[in-house]
Amino acid sequence: QVQLVESGGGLVQAGGSLRLSCAASGRTFSSPAMGWFRQAPGKEREFVAAISESGGYTYYADSVKGRFTISRDNAKNTAYLQMNSLKPEDSAVYYCAAAILYSDYVPRTQREYPAWGQGTQVTVSS
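Note that the coordinates shown come from a computational prediction; the quantities given were computed from them, not determined experimentally. (Residues numbered from 1 in each chain as written. Predicted model: local features only at pLDDT ≥ 70, side-chain atom pairs only at ≥ 80, totals over all residues. Heavy atoms only, no water.)

Comments concerning the pairing of strand E3 (residues 18-26)
In this structure, strand E1 (residues 2-7) lies alongside E3, joined through 6 bridges in antiparallel fashion. Pairing of Val2 across the sheet is with Gly26, part of E3. Pairing geometry for E3 and strand E8 (residues 78-83), over 6 bridges, is antiparallel. Among the inter-strand pairings, Cys22 is bridged to a residue of E8, identified as Ala79. (Pairing = 2+ DSSP bridges. Helix = DSSP H or I, 4+ residues; strand = E, 2+ residues; numbered from the N terminus.)

As for the packing of aromatic side chains
Counted according to the given criterion, the structure contains 5 aromatic pairs. Consider the rings of Phe37 and Trp116, whose centres lie 5.0 Å apart with planes at 50°: the pair is tilted. Taken together, the positions of Phe37 in strand E4 (residues 33-39) and Trp116 in strand E10 (residues 115-116) put the pair 79 residues apart, joining distant regions of the chain. Among the residues examined, Phe37 registers a relative accessible area of 1% and is labelled buried. With a centroid separation of 6.3 Å and 70° between ring planes, the pair formed by Tyr113 and Trp116 is classed as edge-to-face. Judged by relative accessible area, which is 3%, Tyr113 ranks as buried. Here the aromatic cluster, defined as three or more aromatic residues joined through ring pairs, consists of Phe37, Phe47, Tyr59, Tyr113 and Trp116. (Phe/Tyr/Trp six-rings, centres within 6.5 Å; stacked < 30°, edge-to-face > 60°. Buried < 20%, exposed > 50% of the residue type's maximum accessible area, 1.4 Å probe, protein only.)

Examining the side chain of Thr120
Relative to the helices and strands, Thr120 resides in strand E11 (residues 120-125). Once residues within four sequence positions are removed from consideration, Thr120 is found in contact with Glu6, Ser7, Gly8, Gly9, Leu20, Ala92, Val93 and Tyr94. (Contact = heavy atoms within 4.5 Å.)

Some details on the side chain of Arg72
Topologically, Arg72 is positioned in strand E7 (residues 68-73). Glu53 is the oppositely charged side chain nearest to the buried, salt-bridge-free Arg72, at an N-O distance of 7.1 Å. Polar contacts involving the side chain of Arg72 include one to the side chain of Asn74, which spans 2.5 Å. If sequence neighbours within four positions are ignored, Arg72 has contacts with Ser31, Pro32, Ala33, Met34, Ile51, Ser52, Glu53, Ser54, Gly55, Thr78, Ala79 and Tyr80. (Lys, Arg positive; Asp, Glu negative; His and termini not counted. Salt bridge = Lys/Arg side-chain N within 4 Å of Asp/Glu carboxyl O. Polar contact = N/O pair within 3.5 Å; in protein donor to acceptor, adjacent residues only side chain to side chain.)

Next comes the structure, spelled out in structure tokens:
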């Protein structure tokens, strides 16, 4: 089993930046594909970004493309989400997810990720 712990959330003004981190532990002898999802109050959880096991492939939701960047450091078993030009509509609880696939496929749906973190709150004020 892979355990995930997110950090880096907080309160920021519109136009500001935050960097989220997701540290993986447990069954990490194989670096998993990593994804970020978010859930705002009253809304369903939605895909934000994902990165392949090697880091060579990434995928973004249209709503964050050009503003958010996902990356990873496999030596540290950590994935990152750099969020720039934040908007109030980016406010949500952000969740990290992991899937060990032994390929460079980039999962983009929740059901493809068996491991989830507890979430970190991001609030963007206008």
